[in-house]
Amino acid sequence: MSSRRSLRRGEATSRYLLVGAAIVVVIILLALGYYFYSQGAAETTTGPLTGEAGEGAETTPETTTSPAATETPEEVTLIWASTQLVPPTEQQFVKEELLPPFTQETGIKVEFIGMSYGDLNVRLQSEMESGKVTISLIADLHGGLDLYASKGWLEDLSKFGALEGREFPQVLEDYSRLYGIKAYVPWLTATYVFVVNKEAFKYLPPGLSEEDVITGSEKWTYDALLEWAKNIEAATGQKPLGFPAGPKGLFHRFLHGYLYPSFTGAQVKNFDSPEAVQMWSYLKELWNYVHPQSTVYEAMAAPLLNGEVLIAWDHTARIKDAIVQKPDEFVVVPAPAGPKGRGYILVIVGLAIPKNAPHQDAAWRLIEYLTRPEVQSLILEKVGFFPAVSGVSEKLPEGPLKVLAQGVGNQLNTPDSLVALIPSLGEKGGDFSNTYREAFKAIVLEGKDPQQVLPELKQYLLSLFQETGASLPPPDE
């Protein structure tokens with residue numbers, strides 16, 4: 001009996017010894033592992049920063065962080081919220097053609113979210129108030145970005161430095177600086193332009209060259225346009241000018257965004273000024289050389305193509321067909337200049353980074369990609385937005401896109417640019433447009449005295465801004 005107990009005690013002792021030996025081996029292996037790990041870590045250096053170190057970090061592209069805080073590109077997914085390129089076909093272009101090369105190049109993934117202006121405002125406000133910002137990049141019109149900058153919701157992009165190899169027209173650079181910061185990077189533009197049938201250049205008045213008109217020199221003025229129109233009618237018997245003044249045309253944009261700034265320096269505040277009276281007198285004289293069908297024209301591509309008019313003004317999208325069908329016959333030129341400058345409407349789309357946004361360095365890399373000349377050319381080709389980067393049009397192949405892009409670029413780069421932005425009046429926007437149409441009908445078509453017509457209309461115009469709380473649009477401010 002005692003021998004069996006001794007045997008069991010011996011077996012237990014052996015097991016304890018084996019377990020103890022195993023524990024010692026594990027401890028030794030762990031110690032060796034820690035030793036080699038620490039030696040390797042001491043020799044390791046951190047690579048370049050590819051993501052933000054943390055929410056609210058004020059870092060620059062050159063900043064580095066510890067390995068634990070640094071994100072690899074595979075870990076970064078940017079949320080890009082945009083009020084532009086929202087229609088289904090345009091979103092498809094963004095997701096299937098525009099963004100994949102960026103992800104392949106950088107490893108950074110992008111979630112593109114098309115939003116309405118109101119939805120973006122609500123979401124951004126909610127994120128700012130909660131302190132949990134998820135949007136890394138915004139694409140919006142100047143007016144929206146101006147609002148966000150005024151609330152302190154945008155990062156100052158000057159901390160990232162200049163975009164290498166990019167040159168932006170000075171007018172875009174000026175508008176992108178808001179409330180003391182570089183609020184956004186200009187991305188895309190749209191506008192309204194004059195289109196000239198090259199046959200019209202035969203009748204230029206003395207002292208005005210084809211080059212003056214195409215480049216928008218100081219000689220290309222509204223007075224020169226009037227003299228040119230007189231010459232064409234005298235030589236051909238044709239009223240050469242055409243405007244989309246029909247019920248669904250955009251002639252009101254010419255009135256408030258082109259003539260008014262050029263003659264009065266403003267869209268609204270000088271509505272009934274002596275300079276405005278002079279402007280309306282000029283338009284009454286010019287209208288003698290405008291094709292009589294202009295009051296029913298809704299778009300100018302067809303009148304240009306069939307030769308009814310030789311010089312026309314319209315939105316780029318509404319004259320595009322004429323350029324596409326006969327790119328060798330037409331040239332797109334800047335608007336003429338008036339006494340106060342060369343007024344024209346510019347639609348500006350900018351790229352901005354929200355305050356305290358995550359992955360800011362990655363968002364800046366996306367901005368760099370989206371403003372590359374070849375990417376700007378692709379966007380023009382696919383969706384019709386014009387480049388914000390200078391020199392893109394020169395790199396386009398010969399054809400209609402180059403004709404359009406060169407004309408738009410020349411208008412942007414004129415030294416006497418006086419940019420007008422369309423006001424954000426919501427449902428009152430139609431009333432704003434109709435006020436200018438009423439003035440045109442009364443003064444030009446019905447021959448009434450502008451000094452009798454304008455004061456009352458100005459009061460109504462100002463009431464629209466008072467009711468909505470909207471500020472007066474540039475260049476009034």
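Look up: the structure comes first, before these words.
Residues numbered from 1 in each chain as written. Predicted model: local features only at pLDDT ≥ 70, side-chain atom pairs only at ≥ 80, totals over all residues. Heavy atoms only, no water.

Give me the lowdown on the overall build of the chain, citing residues and values where you can.
Along the chain, the regular secondary structure elements total 17 helices and twelve strands. Residue burial in the chain is summarised as follows: out of 477 residues, 52% are buried. Of the contacts formed within the chain by residues at least 6 apart in sequence, a portion of 77% connects residues at least 24 apart. Roughly 21,800 Å² of accessible area belongs to the chain as shown, and the carbon and sulfur atoms make up 53% of that amount. (Helix = DSSP H or I, 4+ residues; strand = E, 2+ residues; numbered from the N terminus. Buried < 20%, exposed > 50% of the residue type's maximum accessible area, 1.4 Å probe, protein only. Contact = heavy atoms within 4.5 Å. Areas by Shrake-Rupley, 256 points an atom, 1.4 Å probe, with all protein chains shown as cover.)

Tell me about the layout of surface pockets, residues and numbers included.
Here the largest pocket defines a volume of roughly 960 Å³. Surrounding the largest pocket, 29 residues form its lining, Gly143, Gly144, Ile422, Pro423 and Ser424 being those nearest its centre. Within the residue set of the lining of the largest pocket, elements represented by two or more residues are helix H4 (117-130), strand S3 (137-141), helix H5 (142-150) and strand S10 (342-352). It is H5 that contributes the most residues to the lining of the largest pocket, six residues altogether. Per-class residue counts for the lining of the largest pocket are 17 nonpolar, nine polar and three charged. (1 Å grid on protein atoms, 1.4 Å probe; cavity = no way out; pocket = protein on both sides within 12 Å on 5 of 7 lines; lining within 4 Å. Points joined across faces, edges and corners; volume = space filled by probe spheres on them. Nonpolar A, V, L, I, M, F, W, Y, C, P; charged D, E, K, R; others polar.)

Give me the pairing of strand S1 (residues 77-82): which residues, what numbers.
Within S1, five of the six residues are buried, which leaves the element mostly enclosed by the surrounding structure. Relative to strand S2 (residues 109-114), S1 runs parallel, the two being bridged by six bridges. Note that in S2 the partner of Ala81 across the bridge is Ile113. Of the strand pairs in this sheet, S1 and S3 are connected by three bridges, and their pairing is parallel. Across the sheet, residue Trp80 finds its bridge partner in S3, namely Leu137. (Pairing = 2+ DSSP bridges.)

If you had to explain the nonpolar core to someone new, which residues and values would you point to?
Judged by nonpolar contacts, the single largest core of 129 residues is most densely connected at Trp80, Trp187, Trp228, Trp280, Ile311 and Leu366. Each of domain 1 (77-190 + 348-395) and domain 2 (192-347 + 416-468) contributes no fewer than three residues to this core. Sequence-distant contacts of Leu366, defined by excluding residues within four places in its chain, comprise Leu78, Trp80, Leu99, Phe102, Val110 and Leu137. (Core = buried A, V, L, I, M, F, W, Y, C linked by side-chain atoms within 4.5 Å. Domains from an automatic or database assignment.)

Give me the packing of helix H9 (residues 251-264) against helix H16 (residues 429-445): which residues, what numbers.
For any two helices packed against each other, one specifies the inter-axial angle together with the distance between the axes. Axis separation between H9 and H16 bottoms out at 8 Å; the angle between their running directions is 85 degrees. Taken together, the axis directions place H9 and H16 in an arrangement best described as roughly perpendicular. Here H9 contributes Phe251, His252, Arg253, Leu255, His256 and Tyr260 to the contact with H16, which in turn contributes Phe432, Ser433, Tyr436, Arg437 and Phe440. Counted by class, the contact of H9 with H16 contains six nonpolar, three polar and two charged residues. (Axes fitted to C-alpha atoms, helices over the stretch in contact; angles between N-to-C directions. Parallel < 35°, antiparallel > 145°, perpendicular 65-115°, else oblique.)

Please set out unusual backbone geometry residue by residue, giving values where relevant.
Of note, the bond from Pro474 into Pro475 is cis; its omega dihedral lies within 30 degrees of zero at 10 degrees. Its location among the elements puts Pro475 in the segment after helix H17 (450-468).

Pulling in residues and values, what's your account of the side chain of Asp140?
Residue position: Asp140 is located in strand S3. Here Asp140 occupies a buried position and makes no salt bridge, while the nearest side chain of opposite charge, Lys151, is found at 12 Å. Among the polar contacts made by the side chain of Asp140, one reaches the side chain of Thr83 at a distance of 2.7 Å. When sequence neighbours within four positions are dropped, the list of residues in contact with Asp140 reads Thr83, Tyr117, Leu120, Leu145, Tyr148, Ile348, Val349 and Gly350. (Lys, Arg positive; Asp, Glu negative; His and termini not counted. Salt bridge = Lys/Arg side-chain N within 4 Å of Asp/Glu carboxyl O. Polar contact = N/O pair within 3.5 Å; in protein donor to acceptor, adjacent residues only side chain to side chain.)

Account for the environment of Ala245, with residues named and values stated.
For Ala245, the position within the fold is in the loop between strand S7 (241-242) and H9. Separated by 69 residues in the primary sequence, Ala245 and Asp314 have C-alpha atoms spaced 10.0 Å apart. Contact partners of Ala245, with chain neighbours within four places excluded, come to Phe251, Trp287, Ser294, Thr295, Tyr297 and Arg437.

How would you sum up the pairing of strand S6 (residues 185-197)? Please name residues and give values.
The element S6 is extensively covered by neighbouring structure, given that 13 of its 13 residues are classed as buried. Where S6 meets S10, six bridges bridge the pair, whose relative direction is antiparallel. Note on S10: the bridge partner recorded for Ala190 is Val347. Inspection of the sheet shows S6 paired to strand S11 (residues 386-387) by two bridges, in the antiparallel sense. By the bridge assignment, Thr189 is partnered in S11 with Phe386. Relative to strand S8 (residues 311-315), S6 runs antiparallel, the two sharing five bridges. Opposite Val196, over in S8, you have Ile311 as the bridge partner. As paired strands, S6 and strand S9 (residues 330-333) are joined by four bridges and run antiparallel to one another. Bridged to Asn197 within S9 is Phe330.

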